[in-house]
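Structural overview
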Amino acid sequence: MRRLSISILLLIMLMIPASSYVFAADNNFGFSFHIPGGTGSNGQEEKGRYRQTRHTDNPWKLDFNKSGEGAGTYSDFWLEKSSGKNVSTVRHAKCNGPVYYTNAYSSASETTVYLTAENNNKNGSAYTVSGYWDEETW
């Protein structure tokens, strides 16, 4: 009986670290928001998503499908907290380009993050962007 108890305890201890990796999946959450014209004007997904991971190497995903500027144009995307603090590097993304995976800062751990973007041209044009994103992918 004692050996069985020890075996069960060891099994539980081995499973706990692995469990932190199995909650998230590579999902496709739709986004669509307006990027206002002008320097320093950002657009942001209205509904944030909770990023439960503590691992900075657990990337967030961006699949940028449509831009009011047209296919093949670029916009800059990143994750941000509700306070306006950036919690990832900026991803210079091409509309209808590849799916991008980007690591986040430790300040993006166990918090709600918002997909945020700006016009990389800083030319005063306003437009809408849409596609899919995921705050964490594994």
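Residues numbered from 1 in each chain as written. Predicted model: local features only at pLDDT ≥ 70, side-chain atom pairs only at ≥ 80, totals over all residues. Heavy atoms only, no water.

**A word on the overall build of the protein**
- Within the protein one finds one helix and nine strands.
- Element order for the protein, N to C, with α for helix and β for strand: α-β-β-β-β-β-β-β-β-β.
- Out of the 138 residues belonging to the protein, those deemed buried represent 37%.
- In the protein, once contacts between residues fewer than 6 apart in sequence are set aside, the share between residues at least 24 apart is 74%.
- By element, 53% of the accessible surface of the protein is carried by carbon and sulfur atoms, the whole surface being about 7800 Å². (Helix = DSSP H or I, 4+ residues; strand = E, 2+ residues; numbered from the N terminus. Buried < 20%, exposed > 50% of the residue type's maximum accessible area, 1.4 Å probe, protein only. Contact = heavy atoms within 4.5 Å. Areas by Shrake-Rupley, 256 points an atom, 1.4 Å probe, with all protein chains shown as cover.)

**Digging into the pattern of salt bridges**
- Applying the stated criterion across every chain, the model contains three salt bridges.
- For Arg49, the salt bridge is made with Glu135, and the minimal N-O distance between the two is 3.0 Å. Of the two residues, Arg49 sits in strand β3 (residues 49-51) while Glu135 sits in the segment after β9 (127-134), which places them 86 residues apart along the sequence.
- Accessibility expressed as a relative area gives 21% for Arg49, which makes it partly exposed.
- For Glu135, a relative accessible area of 6% gives the class buried.
- The salt bridge involving Arg54 is made with Glu110; its shortest N-O contact spans 3.0 Å. With Arg54 in the loop between β3 and β4 (60-67) and Glu110 in the loop between β7 (100-102) and β8 (111-118), the pair connects residues that are 56 residues apart, well separated along the chain. (Salt bridge = Lys/Arg side-chain N within 4 Å of Asp/Glu carboxyl O.)

**Things to note about the environment of His92**
- You can see His92 is positioned in strand β6 (residues 91-94).
- In contact with His92, not counting residues within four places along its chain, are Tyr74, Ser75, Asp76, Tyr100 and Asn120.

**Quick word on the nonpolar core**
- Counting residues in hydrophobic clusters, the biggest one holds 20 residues, and the most contacted among them are Phe31, Phe33, Leu62, Phe77, Leu115 and Val129.
- Put simply, the parts of the chain that give this core at least two residues each are β1 (29-35), β4, β5 (74-80), β8 and β9. (Core = buried A, V, L, I, M, F, W, Y, C linked by side-chain atoms within 4.5 Å.)

**Here we look at the confidence of the model for the protein**
- This prediction gives the protein a mean pLDDT of 86; 83% of its residues lie at or above 70.
- Throughout residues 4-22 the model reports pLDDT below 50, and contacts reaching past four residues in sequence, or to other chains, amount to three contacts. (pLDDT = per-residue confidence, 0-100.)

**Comments concerning the sheet that holds β7**
- One open sheet holds the four strands; their spatial order is β1-β9-β4-β7, and the pairing between them is antiparallel. Each end of this open sheet is capped by a strand with a single partner; those strands are β1 and β7. Mean inter-strand twist for the sheet, computed between neighbouring axes without regard to direction, equals 30°. (Pairing = 2+ DSSP bridges. Axes fitted to C-alpha atoms, helices over the stretch in contact; angles between N-to-C directions.)

**Concerning the pairing of β5**
- Of all seven residues in β5, six are buried; the element is thus mostly enclosed.
- Two elements, β5 and β6, share four bridges in a ladder whose sense is antiparallel. Bridge pairing links Ser75 to Ala93 in β6.
- Bridging between β5 and β8 involves five bridges; their strand directions are antiparallel. Bridge assignment links Leu79 to a residue of β8, and that residue is Leu115.

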